Each structure stands twice: as structure tokens, then as C-alpha cells.
Amino acid sequence: KVLITGGLGQLGVGLAKLLRMRFGKYNVILSDIRKPPNHVYQSGPFIYSDILDYKNLREIVVNNRITWLIHYSALLSAVGEANVSLARDVNITGLHNVLDIAVEHGLRLFIPSTIGAFGSSSPRNPTPDLCIQRPRTIYGVSKVHAELMGEYYHHRFGLDFRCLRYPGIISADSQPGGGTTDYAVQMFHDAVKTSTFVCNLRPDTRLPMMFIEDCLRATLEVLEAPAEILSMRTYNISAMSFTPEELIREIRRHLPDLQVTYKIDPVRQAIADSWPMILDDASARSDWGWKHDYGLPELVQTMLNFTGSDSRMSQAN
Ligand code: VAH
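Peer 1: Mind showing me how you'd approach the layout of surface pockets here?
Peer 2: If a probe the size of a water molecule is rolled over the atoms, the empty space left behind becomes visible. Empty space within the second largest pocket amounts to approximately 200 Å³. Along the walls of the second largest pocket sit 13 residues, with Asp182, Tyr183, Gln186, Asn200 and Arg268 positioned nearest its centre. When contributions to the lining of the second largest pocket are tallied by element, the ones reaching two or more residues are α7 (183–193) and β8 (196–199).

Peer 1: Please explain the packing of helix α5 (residues 84–104) against helix α6 (residues 138–157) as it appears in this structure.
Peer 2: The geometry of a pair of packed helices is captured by two quantities: the angle between their axes and the separation between those axes. Where α5 meets α6, the closest approach of the two axes is 10 Å, and the angle between their N-to-C directions is 15°. Taken together, the axes of α5 and α6 lie roughly parallel to each other. Between α5 and α6 lies a crossing of right-handed hand. Listed contacts from α6 to Val84, Ala87, Arg88, Asn91, Ile92, Leu95, His96, Leu99, Asp100 and Val103 of α5 are Ile138, Tyr139, Ser142, His145, Ala146, Met149, Gly150, Tyr153 and Phe157. The residue inventory of the contact of α5 with α6, partitioned by class, reads twelve nonpolar, five polar and two charged.

Peer 1: Looking at this structure, how should I read the nonpolar core?
Peer 2: Across soluble globular proteins, nonpolar side chains show a tendency to be buried alongside one another. Ranked by internal contacts, the top residues of the largest apolar core, which has 68 residues, are Ile4, Tyr183, Phe242, Leu247 and Trp288. Here this core gets seven residues from one element, more than from any other, and that element is helix α8 (residues 212–224). When we break this core down by domain, the ones giving at least three residues each are domain 1 (2–168 + 210–236) and domain 2 (170–208 + 240–278 + 293–314). Sequence-distant contacts of Ile4, that is, excluding residues within four places in its chain, are made with Gly12, Leu15, Ala16, Leu19, Val28, Ile29, Leu30, Ser31, Ile70 and Tyr72.

Peer 1: I would appreciate a short explanation of the side chain of Ser241 in the present structure.
Peer 2: By the secondary structure assignment, Ser241 is in strand β11 (residues 240–242). There is a polar contact of 2.6 Å between the side chain of Ser241 and the backbone oxygen of Met277. Sequence-distant contacts of Ser241, defined by excluding residues within four places in its chain, comprise Arg206, Leu207, Pro208, Met209, Glu246, Met277 and Ile278.

Peer 1: Is there a simple way to explain the pattern of salt bridges in this structure?
Peer 2: Any two side chains of opposite charge can pair, given that their charged atoms come close. The full count for this structure, using the stated rule, is 16 salt bridges. Notably, a salt bridge pairs Asp281 with Arg285, separated by 2.9 Å at the nearest N-O pair. Look at Arg285 and you get partly exposed, because its relative accessible area is 30%. What you see here is one network of salt bridges that share partners, running through Arg108, Asp160, Arg162 and Arg233.

Peer 1: Help me understand the packing of aromatic side chains, please; the structure alone is not making it clear to me.
Peer 2: Think of a pair of aromatic rings as described by two things: how far the centres are apart, and how the planes are tilted against each other in angle. If you walk through the whole model with that rule in mind, you get nine aromatic pairs. For the pair Tyr153 and Phe157, a centre-to-centre distance of 5.1 Å together with 70° between the ring planes defines the contact as edge-to-face. Placement of both Tyr153 and Phe157 in helix α6 is noted, with a separation of four residues, approximately one turn of the helix. Here Tyr153 falls in the buried class, since its relative accessible area comes to 13%. With a relative accessible area of 44%, Phe157 lands in the partly exposed category. Plain terms: the ring middles of Tyr235 and Trp288 are 6.0 Å apart, the flat faces sit at 85° to each other, and that makes the pair edge-to-face.

Peer 1: Teacher, can you tell me more about a nonpolar patch on the surface here?
Peer 2: A surface patch of nonpolar side chains, amounting to about 260 Å² of accessible area, comprises Val103, Tyr152 and Phe157. For Tyr152, the position within the fold is in helix α6. Judged by its relative accessible area of 40%, Tyr152 is partly exposed.

Peer 1: How should the sheet that holds strand β9 (residues 207–211) be read in this particular structure?
Peer 2: Sheet strands line up and pair through hydrogen bonds in the backbone, either parallel or antiparallel. Read across the sheet, three strands follow the order β7-β9-β11 without closing on themselves; strand pairing throughout is mixed. Looking along the sheet, the strands with just one partner apiece sit at the ends: β7 (168–170) and β11. Averaged over all adjacent pairs, the angle separating strand axes in this sheet is 45°, with direction ignored. Both β9 and β11 contribute to a ladder of three bridges, which runs antiparallel. Each residue of the ladder has a partner; that of Pro208, found in β11, is Ser241.

Peer 1: I'm lost on the packing of helix α3 (residues 54–63) against α5 in this one. Help?
Peer 2: Between α3 and α5, the least distance of the axes is 10 Å, while the angle of their chain directions is 35°. For the pair α3 and α5, the sense of crossing is right-handed. Residue-level inspection shows Tyr54, Leu57, Arg58 and Val61 of α3 in contact with α5, the latter providing Asn97, Val98, Asp100, Ile101 and Glu104. Of the residues contributing to the contact of α3 with α5, the split by class is five nonpolar, one polar and three charged.

The rules behind the values
- Residues numbered from 1 in each chain as written.
- Predicted model: local features only at pLDDT ≥ 70, side-chain atom pairs only at ≥ 80, totals over all residues.
- Heavy atoms only, no water.
- 1 Å grid on protein atoms, 1.4 Å probe; cavity = no way out; pocket = protein on both sides within 12 Å on 5 of 7 lines; lining within 4 Å.
- Points joined across faces, edges and corners; volume = space filled by probe spheres on them.
- Helix = DSSP H or I, 4+ residues; strand = E, 2+ residues; numbered from the N terminus.
- Axes fitted to C-alpha atoms, helices over the stretch in contact; angles between N-to-C directions.
- Parallel < 35°, antiparallel > 145°, perpendicular 65-115°, else oblique.
- Left-handed = near helix turned anticlockwise from the far one by under 90°.
- Contact = heavy atoms within 4.5 Å.
- Nonpolar A, V, L, I, M, F, W, Y, C, P; charged D, E, K, R; others polar.
- Core = buried A, V, L, I, M, F, W, Y, C linked by side-chain atoms within 4.5 Å.
- Buried < 20%, exposed > 50% of the residue type's maximum accessible area, 1.4 Å probe, protein only.
- Domains from an automatic or database assignment.
- Polar contact = N/O pair within 3.5 Å; in protein donor to acceptor, adjacent residues only side chain to side chain.
- Salt bridge = Lys/Arg side-chain N within 4 Å of Asp/Glu carboxyl O.
- Phe/Tyr/Trp six-rings, centres within 6.5 Å; stacked < 30°, edge-to-face > 60°.
- Patch = residues over 30% accessible without salt bridge, like charges linked within 9 Å, V, L, I, M, F, W, Y side chains within 5 Å.
- Areas by Shrake-Rupley, 256 points an atom, 1.4 Å probe, with all protein chains shown as cover.
- Pairing = 2+ DSSP bridges.

Right under this line is the structure:
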């Protein structure tokens, strides 16, 4: 049985759908501290869970006989800089609770890490799995901490810890909140809705990105991989890298009227400039056969089909 924390963020509902197809509707529980929209209630079990409340979390794990925990609760990069102490609580104290509960109850624990776990002293093109990691955001620092703590608990206590460093994730039916790569998601919604877009990153800012379907499939694959084929516990995964300029060019092939202006956000720009441009995911590809399906043209085609056909998706965050 699977519990997903932070289930109402960009990835939780989609992951629950994928896991429910595989393991059955009632074997995957979504949780969050917010009230979900009706379609989430209707699609399967949802439970209130505050990762800062250790007893509440333990009760849920015990009462529901949870065996896999997917820990999606976190404040992302830009929003974390705006609220460092909350980010520290959620991303670090919350992680400690989850680690203790996972060890105590023998859970398999998945934690997403990110390209944000690297910093300007890391090699940026490409960025290997193992290199210097000195991020300068609370988000990045908390994710390096999560990687190291998970690996430490694995070696010390036998915790079955699995971790992927996600690139920026592009999704159609869910909105990200407060990230640096989120400009790309917003560009699709605005291109379809108003044909105008104000970009908060410079046109030549190259960042690794991935379509949500690839990201969720990678997550399921690493969760299901037999332990003996995992030579590491924290893997880079990658699909494509693009700049705002390149994304605009590709979208204009479908929507030639798209108008873009630039209003650079210095906080986000500084963050993006310290992140990888290209993520080297050779280990994921060789250890457990990772392979992405979506490159830039497929991503744009799919996103425009989606955003154009469903009005729910054009809601900005
Ligand atoms: C952010 N989307 O921009 C997140 C992320 C890949 C970066 O982790 O903060």
C-alpha cells in the first residue's frame, strides 16, 4: 500500500492515477493539508496528513498498513527563498519525520530531488550524478540534505531509499507552485489563453526539462526496480534541455501569433544561472533502463493539445 504526501502539488494526483492503475484504486492513498477538489475525492482515497505532525503520520502509516511512502511535500525554489523558515520546517523537519517513520515501519521511501540540488560550483554542462553540490537556495540545501540522509539511513539502518533528481516538470492538468522552471508551464497556458506571455527568465537560460508522463513513469520504474540492479540510491534523470527562446520557437510553429516580452525576475534568474543546463543521466539509463519518450517537439504538441482542449488547465496559479 502506498501513501503519497504533498499529494495535491504538481505531481501527486498524476502519480496516484498511474499507481492505482498498477496496484488498484484502494492501495494508493493521497494526502495533503489542503482540501482536495471533488474529482480528487472521487478518484480514490484521500486523507489529511501534516508531515510536521509525527504522530498523525505514524497513525496513517500504521492504520493503513502502508509499505511504500512517496514524499512529495516540499516548498519549491522561488517560494522557498521567500519563506526560508517555512521551507526549512517543511523540507527538513518534515523529511526527518518521514525518515524515522520509514525506518520504524520498514517502508520503501521515495523522495524526489532536483536539478536545484546543484549549484554554481557544480559542472553545468553536463552535470553528472556525483559532483560538487553547493546549492545556494534553501530548497537546494534541503534536497542535498534529503539525498544524504536517505543514503545514510540506507547504509546505516537498511532503509530502502530511492531518489530521482527531477528536471523541471511540464504538466498540463496540474499547476506547479513557486518554482524556477515553472515559466515553461505558464508559457503554454498563456499562449493558448491570451497569445501573450511575460517571461521572467532571460531568453538564453538553458534548463533541463521533462514532460510529466516521463517523470511519473521514471518514478514508478525506480520504485519497482529490484534492489540489486540499483548501483546508487540517487539518480539524475533527464529528457531534454531548452531555453525560453527555443520553447517559444517551437510553440510558434503551432501558434504563430504568440507575443513574448521579458521581465526578468532577478531571484529566479540567479537560481536558474546556478543550475545544470544539461543533466547526465547515463547511470539511470544503464542501471534500470531509463528512456524518455518526449523530446521538445512531442512535448509542445502534447501540451498544446491538452491546454487547448480543457479549460480547467488554463487557470493560472
Ligand atoms: C523548481 N520545479 O523550479 C522546481 C524544480 C527542477 C526544479 O525542482 O523549483
